[in-house]
Amino acid sequence: MNWFYFSSPATFYRLAGWLAPWFFGLAAVLTAVGLYYGFIVAPTDAQQGEVYRVIFIHVPAAWMSMFLYFVMAAYSAASLTFNTRLGAMMARSLAPTGALFTFVALWTGAFWGRPTWGTYWAWDARMTSELVLLFLYFGFIALSNAFEDPRRGDRAAALLALIGLVNLPIIYFSVHWWNTLHQGSTVKLTGTSMHVAMLTGMLLMVFAFWTYSIGAALTRVRSIILERERRTRWVRAL
Amino acid sequence: MNHGFYLWMSYGATAIALAIEMATLAARRARARRLIEEERDLEAQD
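These figures come from a predicted structure and were not determined experimentally.

Engineer: Mind showing me how you'd approach the overall build of chain A here?
Structural biologist: Within chain A, the secondary structure is distributed over eight helices and two strands. Starting at the N terminus, the α and β elements of chain A follow one another as α-α-α-α-α-α-β-β-α-α. For chain A, the C-alpha radius of gyration of 20 Å lies close to 18 Å, the compact-globule estimate for 238 residues. Based on the C-alpha atoms only, the size of chain A along its principal axes is roughly 65 × 35 × 30 Å. Within chain A, buried positions represent 50% of all 238 residues. Sequence separation of 24 or more characterises 76% of the internal contacts of chain A that already satisfy a separation of 6 or more. When the accessible surface of chain A is summed, it comes to about 11600 Å², and 68% of that surface belongs to carbon and sulfur atoms. Of the side-chain charges in chain A, 17 are positive and 9 negative, and the distance between the mean point of each set is 10 Å.

Engineer: Would you mind showing me how to read the overall build of chain B here?
Structural biologist: Counting its secondary structure elements, chain B contains one helix and zero strands. Each principal axis of the C-alpha atoms in chain B carries an extent, and together these give about 70 × 5 × 5 Å. For chain B, the proportion of its 46 residues judged to be buried stands at 30%. Summing over all exposed atoms, chain B offers an accessible surface of approximately 3100 Å²; the carbon and sulfur share of this is 63%. On chain B, the mean spot of the 6 positive side-chain charges and the mean spot of the 7 negative ones are 8 Å from each other.

Engineer: Even after reading the chapter, I still don't get the nonpolar core, so can you show me in this structure?
Structural biologist: A general feature of soluble globular proteins is that nonpolar side chains tend to end up buried together. Residues Phe12(A), Tyr69(A) and Met72(A) are the most contacted members of the largest nonpolar core, which totals 71 residues. Among residues more than four places away in sequence, those in contact with Tyr69(A) are Leu133(A), Leu136(A), Tyr137(A), Leu160(A), Ala161(A), Gly164(A), Leu165(A) and Leu168(A).

Engineer: How should I be thinking about the interface of chain A and chain B in this particular structure?
Structural biologist: How large an interface is tends to be reported as the accessible area lost when its parts come together. In this complex, chain A contributes 39 residues to the contact, which on the side of chain B involves 25 residues. Taken together, the two surfaces of chain A and chain B that pack against each other cover about 2900 Å², and 64% of this comes from carbon and sulfur. The largest share of the area that chain A buries against chain B comes from Phe111(A), Glu227(A) and Arg236(A), three residues that together contribute 20% of it. Our count for the contact surface shared by chain A and chain B stands at six salt bridges. Linking Glu39(B) and Arg231(A) is a salt bridge whose minimum nitrogen-to-oxygen distance equals 3.4 Å. For the pair chain A and chain B, the number of links is twelve residue pairs in polar contact (both at pLDDT 80 or more). Secondary structure elements with two or more residues in the side of chain A that touches chain B: helix H1 (9-41), helix H2 (55-82), helix H3 (85-117), helix H7 (196-228) and helix H8 (233-236) of chain A.

Engineer: I keep staring at the packing of H2(A) against helix H5 (residues 150-164) of chain A and nothing clicks. Help me out?
Structural biologist: For any two helices packed against each other, one specifies the crossing angle of their axes together with the interaxial distance. All names here are of chain A. Look at H2 against H5: their axes get within 9 Å of each other, and the N-to-C directions meet at 130°. Overall, the two elements H2 and H5 adopt an arrangement that is oblique. For the crossing formed where H2 meets H5, the hand is left-handed. On H5, the residues that touch Tyr69, Met72, Ala73, Ser76, Ala77, Ser79 and Leu80 of H2 are Arg155, Ala158, Leu159, Leu160, Ala161, Leu162 and Gly164. Class assignment of the residues belonging to the contact of H2 with H5 gives a composition of ten nonpolar, three polar and one charged.

Engineer: Just checking my understanding: could you explain the packing of aromatic side chains for this structure?
Structural biologist: Note on aromatic pairs: each is described by the distance of the centres and the angle between the planes. Residue and element names in this part refer to chain A. Tallied over the full model, the rule gives 19 aromatic pairs over all chains. Their ring planes at 70° and their centres at 5.3 Å tell us that Phe111 and Tyr120 sit as a pair that is edge-to-face. Residue class for Phe111 comes out buried when judged on its relative accessible area of 8%. Ring centres of Trp121 and Trp123 lie 5.3 Å apart, and the angle between their planes is 85°; on these two criteria the pair is classed as edge-to-face.

Engineer: What exactly am I supposed to notice about the pattern of salt bridges here?
Structural biologist: Between side chains of opposite charge, a pair can form as their charged atoms come close. All names here are of chain B. Per the stated rule, a full pass over the model turns up twelve salt bridges over all chains. Glu37 is paired through a salt bridge with Arg40; the nearest N and O atoms lie 2.7 Å apart. Remark: Arg40 and Glu37 occur in helix H1 (residues 4-45); sequence separation between them is three residues, near one turn of the helix. Judged by its relative accessible area of 40%, Glu37 falls in the partly exposed class. Given a relative accessible area of 23%, Arg40 falls into the partly exposed group.

About the criteria used
Residue numbers here run from 1 along each chain, matching the order of that chain's written sequence. Each chain gets a letter, beginning with A, and each ligand a number, beginning with 1, in the order they are written. Note on the predicted model: pLDDT of at least 70 is required for a residue's local features to be given, and 80 or more for side-chain atom pairs to be given and counted; whole-chain, interface and lining totals, by contrast, use all residues. Each side-chain value is worked out from all heavy atoms of the structure, with water and hydrogens disregarded. The way it works is that DSSP assigns letters per residue, a run of H or I at least four long becomes a helix, a run of E at least two long becomes a strand, and they are numbered from the N terminus. Computation of the radius of gyration draws on C-alpha atoms, with the globule rule given as 2.2 Å multiplied by the number of residues to the power 0.38. Burial classification: accessible surface area is computed with a 1.4 Å probe over protein chains only, and a residue below 20% of its type maximum counts as buried, one above 50% as exposed, and the rest as partly exposed. We call two residues in contact when some of their heavy atoms are within 4.5 Å. We get accessible surface area from the Shrake-Rupley algorithm with a probe of 1.4 Å; when it comes to residues, only the shown protein chains can shield them. Only four residue types enter the charge count: Lys and Arg as positive, Asp and Glu as negative, with His and the chain ends excluded. In plain terms, the charge of a residue is placed at NZ if it is Lys, CZ if Arg, CG if Asp and CD if Glu. By convention a nonpolar core is built from buried Ala, Val, Leu, Ile, Met, Phe, Trp, Tyr and Cys residues, the set being connected through side-chain atoms within 4.5 Å. Once two parts are joined, some of their accessible surface, as seen by a 1.4 Å probe, is lost; buried area is that loss totalled over both. Salt bridge, as used here, is a side-chain nitrogen of Lys or Arg placed within 4 Å of a carboxyl oxygen of Asp or Glu. Contacts described as polar in this section are N or O atom pairs within 3.5 Å, which, within protein, must combine one atom able to donate a hydrogen with one able to accept it, while residues neighboring in sequence count only if both atoms come from side chains. As a rule, the C-alpha atoms of each element are fitted with a line to give its axis, helices using only the stretch in contact, and angles between N-to-C directions run from 0 to 180 degrees. To sort the angles, those under 35 degrees are grouped as roughly parallel, those over 145 as roughly antiparallel, those from 65 to 115 as roughly perpendicular, and the leftovers as oblique. For a crossing to be left-handed, the near helix must be turned anticlockwise from the far one by less than a right angle; the clockwise case is right-handed. As a working rule, the residues Ala, Val, Leu, Ile, Met, Phe, Trp, Tyr, Cys and Pro are called nonpolar, Asp, Glu, Lys and Arg charged, and the rest polar, with Gly in that last group. A pair of Phe, Tyr and Trp rings is counted when the ring centres sit within 6.5 Å of each other, with Trp represented by its six-membered ring. The angle between the planes then sorts it: under 30 degrees is stacked, over 60 is edge-to-face, the rest tilted.

These figures capture arrangement, not role.
Given below as structure tokens:
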């Protein structure tokens, strides 16, 4: 199979249109099952009570905020290195969804923090570096739209995305490097101390957010392709 | 302790944020379609 076939906006447009509804559908099913596990199957936490159920959106949103930034930076690097149009368009399409999940992670963290730590916000290393991530997403979106020539916007934003990559290990290791209010990692490659039903619900929601992100990015990139390629024959023939 | 407020604020805000994103996706799609129509009109005038 020639994978470069799909690097053309015209062919990717059709592929994205075919795939996006499947990912949205899968996201809806995974969300329903994940919430069933999170609210019905998973037991009440002995220390935190019911409020711990915020983790079923807080943790997946926080993971997605970092993962989407990494993918956005990878597409940015590809667009800079190989001068690919589609790479830059994909990076642009991921940014709003990444910003959304960063906001959700910060917001839900605040509403988890108030009953458990006694405060909505603290200038703790994990929270502050996550807030920096939100500003990086905003900066990427603003910079990519700041130029009349979209290709110049693509290059400027791609550079910012690559520079901002340094923030990802800071977010991840902040709870190890500094003495933070935020707890350390509960789920590790070596295992977890979580109840199996809690872990199942959380992982289902991670996959739900992941498939939703793919669906949203594919839908958005189709609009970006149409906007950019509107003077081409294949778009006018649609 | 009643944790309903914190749970509703978390899940409610997430649902609203996702609904807003879906609405912006639809709005952007409509805008792209409008731009193509404008291009077609310009072409027809030439």
